[in-house]
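# Examining the three-dimensional arrangement
Okay, here's what each chain looks like letter by letter:
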Amino acid sequence: DVYAFVSNGENIPRWAAGLGTSIRRVDGEWIADGPIGSVRVRFTPPNDLGVADHDVTLEKGVTVHNPIRVVPNGAGSTVIFTLMRQPGVSQQEFDQDAHTVQKDLEMLKAILERP
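Let me begin by describing the structure that accompanies this report. (Residues numbered from 1 in each chain as written. Predicted model: local features only at pLDDT ≥ 70, side-chain atom pairs only at ≥ 80, totals over all residues. Heavy atoms only, no water.)

With that settled, consider the overall build of the protein chain. Scanning the protein chain from terminus to terminus reveals three helices and seven strands. Computed over its C-alpha atoms, the radius of gyration of the protein chain comes to 14 Å, within 12% of the 13 Å expected for a compact globule of 115 residues. Looking at the protein chain alone, contacts between residues at least 24 apart form 24% of all its contacts between residues at least 6 apart. Summing over all exposed atoms, the protein chain offers an accessible surface of approximately 7,200 Å²; the carbon and sulfur share of this is 53%. (Helix = DSSP H or I, 4+ residues; strand = E, 2+ residues; numbered from the N terminus. Rg over C-alpha atoms; globule rule 2.2 N^0.38 Å. Contact = heavy atoms within 4.5 Å. Areas by Shrake-Rupley, 256 points an atom, 1.4 Å probe, with all protein chains shown as cover.)

In structure tokens:
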């Protein structure tokens, strides 16, 4: 259930406001509009391994790969998001990105743990 939720681009505004507060499907790609502008989001093909990696192409044409894994953990799951510091990103900008990702993951947890 966690993997299905995370890997569905339609759910981005519900849990990943740092990426997009609105989402639409255009020509087979997800277009998210949010605090970093209008971005294209492409998920890895559906799989049985819990890999929900997604590439985010920014308005300036730079594509950022975001590794994310959903790993079974007892009766639940552990979600692992790897945030990599991109070239030219200051420590302050990276710290802000990490803070945003942390907030998004906390929202994901809150949504998925609701009764």
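Let us look at the pattern of salt bridges. If you walk through the whole model with that rule in mind, you get five salt bridges. For Glu29, the salt bridge identified is with Arg42, shortest N-O distance 3.0 Å. In this pair, Glu29 sits in strand β2 (residues 29–34) while Arg42 sits in strand β3 (residues 37–43), placing the two residues 13 residues apart along the sequence. Relative accessible area serves as the criterion here: at 34%, Arg42 is assigned to the partly exposed category. (Salt bridge = Lys/Arg side-chain N within 4 Å of Asp/Glu carboxyl O. Buried < 20%, exposed > 50% of the residue type's maximum accessible area, 1.4 Å probe, protein only.)

With phi around 50°, Asp27 is a residue other than glycine that occupies positive phi space. For Asp27, the position within the fold is in the loop between β1 (22–26) and β2. Classification of Asp27 by relative accessible area gives exposed; the value is 79%.

On the basis of which strands lie adjacent, the open sheet formed by five strands has the order β1-β2-β3-β4-β5 and antiparallel pairing. Only two strands of the sheet have a single neighbouring strand rather than two, namely β1 and β5 (63–66). Direction aside, neighbouring strands of the sheet carry axes that sit 25° apart on average. Here four bridges tie strand β4 (residues 54–57) to β5, and the two strands are oriented antiparallel to one another. (Pairing = 2+ DSSP bridges. Axes fitted to C-alpha atoms, helices over the stretch in contact; angles between N-to-C directions.)

So, about the packing of aromatic side chains. Evaluated as defined, the whole model comprises zero aromatic pairs. Lying over the aromatic face of Trp30, Arg25 brings its terminal NZ or CZ to 4.6 Å of the ring centre. (Phe/Tyr/Trp six-rings, centres within 6.5 Å; stacked < 30°, edge-to-face > 60°. Lys NZ or Arg CZ within 6 Å of the ring centre and 35° of its normal.)

Between its first and last C-alpha, helix α3 (residues 91–112) extends 31 Å over 22 residues, near the 32 Å set by a 1.5 Å rise per residue. Residues of α3 that are buried sit in contact with α1 (2–6), α2 (12–15) and β7 (76–81). (Expected span 1.5 Å × (residues − 1).)

Right, let's get into the side chain of Asn66. Tracing the backbone shows Asn66 in strand β5. A polar side-chain atom of Asn66 sits 3.3 Å from the main-chain carbonyl oxygen of Val64. Apart from the residues within four sequence positions on either side, Asn66 is in contact with Asp53, His54, Val56 and Phe81. (Polar contact = N/O pair within 3.5 Å; in protein donor to acceptor, adjacent residues only side chain to side chain.)

Any functional reading would require information that these geometric values do not contain.
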